[in-house]
Amino acid sequence: MGFKLNDIATETTTAKTKNAWDDTIWKKEIVLFSTPFSNKAKEDFYTELSVLLKAGITLKEALELVQEGQKKKKLKEYIKAMATKLVAGHSFSEALKEESVFTEYEYHSIHIGEESGTLPEIVEELGSFFSKKNEQRRTLINALTYPIIILTTAILVVIFMLRLVVPMFQDIFEQNNVELPWITKMVVAVSNFFGEFGGWLLFILLLLLVARRQFLKNSSLRKIWHGFLLRIPYLGAFTKAVYMAQLTRAMSLLSASKVPMTNSIELAGKMIDFIPIQESLQQVNQNILKGKSLSKSLGENALFDAKMTSLIKVAEETNQTEFIFERLNHQYSIEVQQKSKLLSTLLEPLIILVVGLFVGVILIAMYLPMFKLGSILG
């Protein structure tokens with residue numbers, strides 16, 4: 001994705017270089033059944049738009065230039081529709097609000113930028129927000145890719161042994177009337193189960209993968225799933241750090257835009273797609289409306305750690321809310337990177353250990369009757 005503008009030399013060239021790198025396979029956003037305006041598309045859209053607006057180009061012309069650089073037909077249609085609404089007299093924020101692919105967070109941020117005359121800066125911050133969000137997603141994917149490959153290979157090996165190796169031994173034992181120990185009977189029963197219901201299990205698994213997005217649209221199911229994620233050792237802390245990084249980034253942008261604190265918390269809650277944080281922010285907002293400070297309201301909620309609470313208290317005393325949220329975002333981003341690396345390091349030997357245990361049990365179960373068979377043949 002990119003745009004051509006001969007009058008802009010340095011800044012546009014830098015943006016093109018960045019976008020060319022972002023479009024490589026390592027920068028692609030990996031999402032099943034993704035929407036046309038995915039987080040990756042929004043990152044590119046806001047980044048390019050901010051470069052053009054800072055270069056002094058009108059908003060309508062900037063949208064037309066960004067539209068020309070799009071390869072996907074759907075994206076072209078969305079951007080063209082926004083440009084048409086501008087010509088019809090609508091504001092940019094109103095054009096965004098009428099498109100379902102944009103959130104209230106984006107609408108209010110753009111609206112604030114239009115009223116305060118800081119639209120290029122706000123658009124740039126939105127691009128930075130989605131850049132950070134995509135970077136965290138890529139970090140997680142990179143950390144889990146190799147362990148998932150190992151796990152998939154290991155599962156295929158175990159299934160191969162259960163469906164081909166075990167039945168071969170089972171036939172030998174039945175032909176020689178060998179009495180099977182309990183562990184061998186258990187492995188044979190598992191093998192028979194996969195033989196009878198393996199196809200159905202595969203069908204159900206594929207069905208769950210296809211219907212995953214539909215299931216997660218249900219707020220009750222999402223609440224149960226998100227609560228379960230938080231209770232998983234280490235993975236829960238990692239998930240929390242990822243969403244805390246997104247939350248502090250959103251609060252930093254809203255603080256820079258001089259949005260009132262209660263409105264900022266409400267908008268950030270709509271932007272963070274994680275129900276425990278959304279519910280916690282609602283409680284924090286209610287406490288603020290009752291007259292409590294932000295730091296005290298955060299401290300009364302177990303989801304927010306002492307580090308955030310203490311720094312927010314300093315921000316309130318020194319009137320440096322934007323700076324403190326930026327520092328918190330930096331700290332949580334580093335924590336996400338560290339935890340993702342450690343997660344990858346821990347998962348690999350753990351998966352090998354578990355799979356080795358399964359393979360070992362199968363081998364022991366098959367070789368124990370062989371000793372009895374040897375004595376019978378002897």
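Per chain, the residues get numbers from 1 upward, laid out in the order the sequence is written. Reporting of local features is limited, given that this is a predicted model, to residues whose pLDDT is at least 70; pairs of side-chain atoms are given and counted only at 80 or more, and all residues count toward the totals for whole chains, interfaces and linings. Hydrogens and water are ignored here; the side-chain numbers use all heavy atoms of the structure.

Caption draft 1: Just the overall build of the protein, in detail. We count a stretch as a helix when DSSP gives it H or I for four or more residues in a row; a strand needs E for two or more, and each element gets its number in order from the N terminus. Counting secondary structure elements, the protein contains 16 helices and zero strands. Each residue's exposure class comes from its accessible area (1.4 Å probe, protein chains only) as a fraction of the maximum for that residue type: buried when under 20%, exposed when over 50%, partly exposed otherwise. Relative to its 378 residues, the protein shows a buried fraction of 42%. Carbon and sulfur atoms make up 63% of the accessible area of the protein, which totals about 21200 Å². The accessible surface values rely on the Shrake-Rupley method and a 1.4 Å probe; as for residues, cover is taken only from the protein chains in view.

Caption draft 2: Up close: the confidence of the model for the protein. Residues of the protein with pLDDT of at least 70 account for 87%, and the chain-wide mean is 78. Across residues 1-33, confidence stays below pLDDT 50; counting only partners more than four residues off in sequence or on other chains, it has 56 contacts. Every residue carries a pLDDT, the predictor's confidence in it, which falls somewhere between 0 and 100. The contact rule is simple, with two residues in contact once any of their heavy atoms fall within 4.5 Å.

Caption draft 3: Representation of the pattern of salt bridges within the structure. Whenever a carboxyl oxygen of Asp or Glu lies within 4 Å of a side-chain nitrogen of Lys or Arg, that contact is scored as a salt bridge. By the definition in use, this model includes ten salt bridges. In this structure, K339 engages E335 in a salt bridge whose closest nitrogen and oxygen atoms are separated by 4.0 Å. Of this pair, K339 and E335 both sit in helix 16 (residues 321-377), four residues apart, roughly one helical turn. Each of K307, E335 and K339 takes part in one network of salt bridges that share partners.

Caption draft 4: Inspection of a nonpolar patch on the surface at higher detail. Patches here are clusters of residues that have more than 30% relative accessible area and form no salt bridge, with a 9 Å joining cutoff for like charges and a 5 Å cutoff for nonpolar side chains (Val, Leu, Ile, Met, Phe, Trp, Tyr). Together, F193, F197, W200, L201, F203, I204, L207 and L208 give the surface a local cluster of nonpolar side chains, amounting to about 810 Å² of exposed area. Mapped onto the elements, F193 comes out in helix 8 (residues 182-210). For F193, a relative accessible area of 40% puts it in the partly exposed group.

Caption draft 5: Spotlight on empty space enclosed by the protein. Buriedness of a pocket was judged along seven lines, with at least five required to meet protein on both sides within 12 Å; pockets are open sets of points on a 1 Å grid over the protein atoms alone, cavities are sets where a 1.4 Å probe fits but cannot get out, and lining residues have an atom within 4 Å of a point. Grid points are joined across faces, edges and corners, and a volume is the space filled by probe spheres set on the points. Counted under the stated rule, the structure contains one cavity of 30 Å³ or more. Here the largest cavity is characterised by a volume of approximately 80 Å³. Looking at the largest cavity, the residues that line it are L247, T248, M251, I265, L281, L294, L298, F304, M308 and F325. Elements represented by at least two residues in the lining of the largest cavity include exactly helix 11 (235-256) and helix 14 (294-299). Counting residues per element, the lining of the largest cavity draws most heavily on helix 11, which supplies three residues.

Caption draft 6: Just the nonpolar core, in detail. Throughout this description, the term nonpolar core refers to a set of buried Ala, Val, Leu, Ile, Met, Phe, Trp, Tyr and Cys residues connected via side-chain atoms within 4.5 Å. The biggest cluster of nonpolar side chains holds 63 residues, and the ones touching the most others in it are F45, L49, L63 and F92. Ranked by residues supplied to this core, first place goes to helix 11 with eight residues. Discounting chain neighbours no more than four positions away, the residues touching F92 are F45, L49, L59, L63, M82, L86, I110, E114 and L119. Residues I150, V158, V178 and I183 belong to the second largest nonpolar core, which totals 18 residues.

Caption draft 7: Main features of the environment of I149. Examined against the element boundaries, I149 turns out to sit in helix 7 (residues 119-175). Spatially, the C-alpha atoms of I149 and E348 are 9.8 Å apart, while their sequence positions differ by 199 residues.

Caption draft 8: Spatial organisation of the side chain of S333. Assignment of secondary structure puts S333 in helix 16. For S333, a relative accessible area of 12% gives the class buried. Contact partners of S333, with chain neighbours within four places excluded, come to Q136 and A245.

Caption draft 9: Fine view of helix 3 (residues 59-68). Restricting attention to buried positions, one finds in helix 3 the residues L59, A62, L63, L65, V66 and Q67. Its buried side turned inward, helix 3 meets helix 2 (39-54), helix 4 (73-87), helix 5 (92-97) and helix 7.

Caption draft 10: Spatial organisation of the packing of aromatic side chains. Here a Phe, Tyr or Trp ring, Trp counted by its six-membered ring, pairs with any other such ring whose centre lies within 6.5 Å, and the pair is stacked when the planes are under 30 degrees apart, edge-to-face when over 60, and tilted otherwise. The final tally for this structure, using the stated rule, is seven aromatic pairs. Between the aromatic rings of F193 and F197, the centroid separation amounts to 5.2 Å while the plane-to-plane angle is 40°, which identifies the pairing as tilted. Linking F193 with F197, this pair stays in helix 8, spanning four residues, or about one helical turn. Ring-pair connections join several aromatic residues into one group, and the members of that group are F45, Y46, F102 and F130.

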